[in-house]
Every structure is written in C-alpha cells, then in structure tokens.
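Observations on the model geometry
Given next are the chains, with one letter for each unit.
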Amino acid sequence: MAGVIVSCQSREKRALKLIDKQMFKELYDYKSYEPIETKVDSAYTNPYEDSTVRAIGYRIYAIKEVANDKMDEIHEAQSSMNIWSDMYTSYGSSEYTDAKNKWNEAHDDVTDLIARWKKCNDSIKFIASELPHKFIGWKVTHKFRCKNKGGQPDLATYVYIMDKRMKKVILQYEPEDETEQSLKGLIEDAINPEESK
C-alpha cells in the first residue's frame, strides 16, 4: 500500500515539474503562478482527446463560423430582394438583380460548406469507431491561480495529457473554455448524430 502512495506522489511531482515548464512559457505573469490542486489519472485513447479528431473538429468549427456569416449574407440579400421586387424602374431592377446574385453566391457557398461539414463529420465518426481503447499516458487536471493582464488574480483549470514517462505534454486544454466546449459538442454531434437532434 505504501508503494502505491509513493508512486502516486512521485507521479504528481513529475507532472507538476512538467506543468511548471509549460506555465513559465505560457503565463503572462509567471511570478504570480500558484498551484492549488493537481489530480493524476490514467489516460486512455478517446476521440475527444485524439489529435486527429480534434484537428478535424477545429476545421468544422471554422466551417460553422463561415457558414453563419454566409447565412447572414443570405438573409441580407433576401431582404434587399423583398424591398426591390416591386420596383419597376431600371434602378430597382438593377438592385434586385444585384441582391439576387449575392443570394445565389452565398447560397452556393453554404451548400459547399455543408458538404465539407458532412465529410468532416464522417471522418470523425470513422476515426472514433476505429480508435482502439489503450493506455496512452497520464491525464493531469491542474487547478491554479495567477494574475491576468489586468493584474487581477484569476483561477483556472487546465487538463494535460502526458506521455507514459511524463516527459512531454501530448495535449493541453482548458475544459471550461468556450471554444473547447463548442469543439467537444461538434465532436459529439459527429459521433452521435441521432442524439444531437
């Protein structure tokens, strides 16, 4: 039993040493960095922390952002078409045609983006289904306090996936970050499309 406790403590110390190096490189005010809590668990392959799946997920995130902008363009063009549809002057006809062209262009772009989104979803679903369940290293959840750019103390939690020997960080993310949560949702939707409806 004592051996297990020593082993766990040793792992935590090694994790903190590696995290400290990361913090030194990344934090705005490293001197104010204060570790609060560190938990070390075994890390196994899963799609939400797989680098390839996450890369595709970020691609979907970008596609979604562009698609939303294009949908705004479609609505704007539709409004212009509605305004100019009853105008029978050459100016009104020209404005209507211009709005119609913009609508067509944005609509074509959205159609293309949706097709690319679907391909990305298919790729994620395939990778997730083929991903073997195996031990890859250590999942370290690290809570800490440090000052932000405004000089105010800030509380944050980072998750690190470290290799088996705790020599390098494979992945790092903030679980409470808005982008991270959106990414997780997009991956979830790709893996389980029926549940997201």
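Residues numbered from 1 in each chain as written. Predicted model: local features only at pLDDT ≥ 70, side-chain atom pairs only at ≥ 80, totals over all residues. Heavy atoms only, no water.

1. Things to note about the overall build of the protein
A count of helical and extended segments in the protein gives four helices and four strands. The N-to-C order of helical and strand elements in the protein reads α-β-α-α-β-β-β-α. Taken against the 2.2 N^0.38 rule, which gives 16 Å for 197 residues, the C-alpha radius of gyration of the protein at 24 Å runs more than 25% over that of a compact globule. Projected onto its principal axes, the C-alpha positions of the protein cover 90 × 45 × 25 Å. Taking all 197 residues of the protein together, the buried fraction comes to 29%. Long-range pairs, those at least 24 residues apart, make up 69% of the contacts in the protein with a sequence separation of at least 6. When the accessible surface of the protein is totalled, it reaches about 13,100 Å², and 51% of it is carbon and sulfur. Once the 30 positive and 34 negative side-chain charges of the protein are each reduced to a mean point, those two points are 12 Å apart. (Helix = DSSP H or I, 4+ residues; strand = E, 2+ residues; numbered from the N terminus. Rg over C-alpha atoms; globule rule 2.2 N^0.38 Å. Buried < 20%, exposed > 50% of the residue type's maximum accessible area, 1.4 Å probe, protein only. Contact = heavy atoms within 4.5 Å. Areas by Shrake-Rupley, 256 points an atom, 1.4 Å probe, with all protein chains shown as cover. Lys, Arg positive; Asp, Glu negative; His and termini not counted. Charge placed at Lys NZ, Arg CZ, Asp CG, Glu CD.)

2. Thoughts on the packing of helix H2 (residues 51–84) against helix H4 (residues 178–191)
Closest axis-to-axis distance for the H2/H4 pair is 9 Å, and the angle between their directions is 100 degrees. Compared by their axis directions, H2 and H4 come out roughly perpendicular. Across the interface between the two elements, Val53, Arg54, Gly57, Tyr58, Ile60, Tyr61 and Lys64 of H2 pack against Thr179, Glu180, Ser182, Leu183, Leu186 and Ile187 of H4. Tallied by class, the residues present in the contact of H2 with H4 amount to seven nonpolar, three polar and three charged. (Axes fitted to C-alpha atoms, helices over the stretch in contact; angles between N-to-C directions. Parallel < 35°, antiparallel > 145°, perpendicular 65-115°, else oblique. Nonpolar A, V, L, I, M, F, W, Y, C, P; charged D, E, K, R; others polar.)

3. Some remarks on the sheet that holds strand E4 (residues 169–173)
In spatial order, the strands read E1-E2-E3-E4; together these four strands make up an open sheet with antiparallel pairing. Every other strand in the sheet has two partners, leaving strand E1 (34–44) and E4 as the edge strands with one partner each. Neighbour-to-neighbour, the strand axes of the sheet open up by a mean angle of 20 degrees, direction not taken into account. (Pairing = 2+ DSSP bridges.)

4. Some details on the packing of H2 against helix H3 (residues 90–130)
Running from amino to carboxyl end, H2 crosses H3 at an angle of 160 degrees, the nearest separation of the two axes being 8 Å. The angle between the axes of H2 and H3 places the two elements in the roughly antiparallel class. Remark: the crossing between H2 and H3 carries left-handed chirality. (Left-handed = near helix turned anticlockwise from the far one by under 90°.)

5. Some points on the nonpolar core
Counting residues in hydrophobic clusters, the biggest one holds 15 residues, and the most contacted among them are Ile19, Met23, Phe144, Tyr160 and Met162. Residue assignment for this core shows that the elements contributing at least two residues are helix H1 (2–26), strand E2 (135–147) and strand E3 (153–162). Here isoleucine 19 is in contact with Tyr33, Val140, His142, Tyr160 and Met162, once residues within four sequence places are set aside. Of all hydrophobic cores here, the second largest spans 14 residues; its members include Ile56, Ile60, Ile124 and Ile191. (Core = buried A, V, L, I, M, F, W, Y, C linked by side-chain atoms within 4.5 Å.)

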